[in-house]
Amino acid sequence: MMRRTDPLRALVLVAAVVAVAAPVPATAQDANFLLPIAEIEQILREGDMQVLDVRPSRGLPGERTYRVTLQSGDHVLQVKYAPATEGADEFNNQPRYELAAYGVQALFLDEREMVVPPTAIRAFPIDVVRETVARTGDTAMPPEPTFGEWPMTLVALQYWMFNVDLPEELPDEDRIEEDEVYERLVGNFNLLTYIIRHSDSNEGNFVQSLDPAWPRVFSVDNGVAFASEPSNRGTQWRNLRLDRYPASAIDRLRGLSLEELQSRLGILVELELRDGNFVEVEPTENLDPGRGVRRDAERIQLGLTEREIGAMHGRIVRLLERVDDGRYELIP
């Protein structure tokens, strides 16, 4: 594990200190979210944003993601800011996979149990994205338009949580034996990573809440998942690794049909060109279920493909079969 003086751990701890110092609104979701989830989602999806500060996500130059402090109305918050590359379909830079992971968890976990922080995809003018990234001082590889016909870049935005740290051990086997709440929360985390086939165990992709009463584990980087090629940093969390899983999550997974998964995940976001800018709109028909990135003259759609959804449904079916065979116990 990294020493506590390493840049990545220091960056996470800085966020935790800021959270302790800042007053927490009475309407805050919990110790890790300083605003209600619905309000965070609204800001990420459509809120006006004034950039106050930009830093590389892990504190190192040459990164592809950034920690952006922004102001939206009366709120100041931090987000992970990840510009897409050309085509929005590159290894370890799949905006649709980040959004899909956020959507999948909602199919079987309550808001209080969520594993992936609020995530959205926006289309920003390329000049705005370049100016934002240039504030880090790293101009070696400026962002490019996602699609050649439009001067814009798709950006995946994810709420940057507070009061979290890198787990010293995941899972903490001793704590699982002694703390059923911890066991339940790690179980939710593992169910999500298994279902989405999370294939990158790089340190920093998973963080844990410092709230001793609700020690959730979060998956904060989900770009290497679903049909992605695996990372060379390990793939252990794409497997089921525990002996017991929450009965409530398993029960909700039993109710998911292939048709519902296709309906919910086939179109994750649709953007329409209006007055020179792309804005999120209600999804229309699926332009091409065989492709994850789709577009026509005035629309962009991102979603999971039929094959990706079918493979995910197969993983859920295998999980339920193993539960029914007694391979995994359930936590009441």
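On a predicted model such as this, the values are computed, not experimentally measured, just so you know. (Residues numbered from 1 in each chain as written. Predicted model: local features only at pLDDT ≥ 70, side-chain atom pairs only at ≥ 80, totals over all residues. Heavy atoms only, no water.)

Visitor: Whenever I open this one, the overall build of the chain confuses me. Can you help?
Guide: From N to C terminus, the chain includes nine helices and 14 strands. Relative to the 2.2 N^0.38 estimate, which gives 20 Å for 332 residues, the radius of gyration of the chain is 19 Å and therefore close to what a compact globule would have. Across its three principal axes, the chain shows a C-alpha extent of roughly 55 × 45 × 40 Å. Counting the 332 residues in the chain, one finds 53% classified as buried. Restricting the contact set of the chain to residue pairs at least 6 apart, pairs at least 24 apart contribute 72%. When the accessible area of the chain is evaluated, it comes to approximately 15000 Å², of which 48% is carbon and sulfur surface. (Helix = DSSP H or I, 4+ residues; strand = E, 2+ residues; numbered from the N terminus. Rg over C-alpha atoms; globule rule 2.2 N^0.38 Å. Buried < 20%, exposed > 50% of the residue type's maximum accessible area, 1.4 Å probe, protein only. Contact = heavy atoms within 4.5 Å. Areas by Shrake-Rupley, 256 points an atom, 1.4 Å probe, with all protein chains shown as cover.)

Visitor: Help me out: how do you make sense of the sheet that holds strand E8 (residues 217-219) in this one?
Guide: Consider a sheet: its strands pair through backbone hydrogen bonds, and that pairing is either parallel or antiparallel. Spatially, three strands are ordered E6-E7-E8 in an open sheet, and the strand pairing comes out antiparallel. Two strands bound the open sheet, and with one partner strand each, they are strand E6 (164-165) and E8. Across two bridges, the pairing between E6 and strand E7 (residues 206-209) is antiparallel. Across the sheet, valine 164 pairs through a bridge with serine 209, a residue of E7. (Pairing = 2+ DSSP bridges.)

Visitor: Could you clarify how one ought to interpret the pairing of strand E4 (residues 119-125) in this entry?
Guide: On any regular strand, side chains alternate: one points to one face of the sheet, the next to the other face. Burial analysis of E4 places six of its seven residues in the buried class, which makes it a mostly covered element. For E4 and strand E5 (residues 152-159), the ladder comprises seven bridges, and the chain directions are antiparallel. Across the sheet, alanine 123 pairs through a bridge with leucine 154, a residue of E5.

Visitor: Would you explain the nonpolar core in this entry?
Guide: Nonpolar side chains in soluble globular proteins generally cluster together in the buried interior. Core analysis: the biggest nonpolar cluster contains 87 residues, and Tyr81, Val104, Phe108, Leu154, Phe226 and Leu265 have the highest contact counts within it. Of the residues forming this core, the biggest block, seven residues, is contributed by helix H6 (residues 180-195). The contact partners of tyrosine 81, leaving out residues within four places of it in the chain, are Arg64, Thr65, Tyr66, Val68, Phe124, Val129, Thr132, Val133, Val155, Ala156 and Leu157. (Core = buried A, V, L, I, M, F, W, Y, C linked by side-chain atoms within 4.5 Å.)

Visitor: Looking at this structure, how should I read the sheet that holds strand E13 (residues 299-302)?
Guide: As summarised here, the arrangement of the four strands in space is E11-E10-E13-E12, forming an open sheet in which the pairing is antiparallel. The open sheet has two free edges, formed respectively by strand E11 (277-281) and strand E12 (293-295), since each of these has just one partner strand. Averaged over neighbouring strand pairs, the angle between their axes works out to 25 degrees when direction is ignored. Sheet topology places E12 next to E13; three bridges connect them, and they run antiparallel. Within the sheet, the bridge partner assigned to valine 293 lies in E13 and is leucine 302. (Axes fitted to C-alpha atoms, helices over the stretch in contact; angles between N-to-C directions.)

Visitor: Would you mind going over the environment of proline 36 with me for this structure?
Guide: Structurally, proline 36 can be placed in the loop between helix H1 (7-21) and helix H2 (37-46). C-alpha separation for the pair proline 36 and arginine 96, spaced 60 residues apart in sequence, amounts to 24 Å.

Visitor: Would you explain the packing of aromatic side chains in this entry?
Guide: Note on aromatic pairs: each is described by the distance of the centres and the angle between the planes. By the definition in use, this model includes ten aromatic pairs. Summarising the aromatic geometry, the rings of phenylalanine 33 and tyrosine 159 are spaced 5.6 Å apart at their centres and angled 25 degrees between planes, so their arrangement reads as stacked. In this pair, phenylalanine 33 is assigned in the loop between H1 and H2 and tyrosine 159 in strand E5, connecting sequence segments 126 residues apart. For phenylalanine 33, a relative accessible area of 0% puts it in the buried group. Look at phenylalanine 189 and tryptophan 237: their rings are 5.0 Å apart centre to centre, the planes differ by 65 degrees, and that puts the pair in the edge-to-face class. (Phe/Tyr/Trp six-rings, centres within 6.5 Å; stacked < 30°, edge-to-face > 60°.)

Visitor: So what exactly am I meant to see when it comes to a negative patch on the surface here?
Guide: Judged by side-chain charge, Glu169, Glu173, Asp174, Glu177, Glu178, Asp243 and Glu329 come together as a negatively charged surface patch. Per element, the largest residue contribution to the negative patch is four residues, and it comes from helix H5 (residues 173-178). (Patch = residues over 30% accessible without salt bridge, like charges linked within 9 Å, V, L, I, M, F, W, Y side chains within 5 Å. Salt bridge = Lys/Arg side-chain N within 4 Å of Asp/Glu carboxyl O. Lys, Arg positive; Asp, Glu negative; His and termini not counted. Charge placed at Lys NZ, Arg CZ, Asp CG, Glu CD.)

Visitor: Can you walk me through the packing of helix H8 (residues 258-265) against helix H9 (residues 306-324) in this structure?
Guide: The description of two helices packed together rests on the angle between their axes and the distance between the axes. At their nearest, the axes of H8 and H9 sit 10 Å apart, and the two run at 135 degrees to each other. In this view, H8 runs oblique relative to H9, as classed from their interaxial angle. Judged by the sense of rotation from one axis to the other, the crossing of H8 with H9 is right-handed. Contacts between H8 and H9 involve Leu258, Leu261, Gln262 and Leu265 from the former and Ile309, Gly310, Met312, His313 and Ile316 from the latter. A breakdown of the residues in the contact of H8 with H9 according to their chemical character gives six nonpolar, three polar and no charged. (Parallel < 35°, antiparallel > 145°, perpendicular 65-115°, else oblique. Left-handed = near helix turned anticlockwise from the far one by under 90°. Nonpolar A, V, L, I, M, F, W, Y, C, P; charged D, E, K, R; others polar.)

Keep in mind that these numbers describe shape and distance, not what the molecule does.
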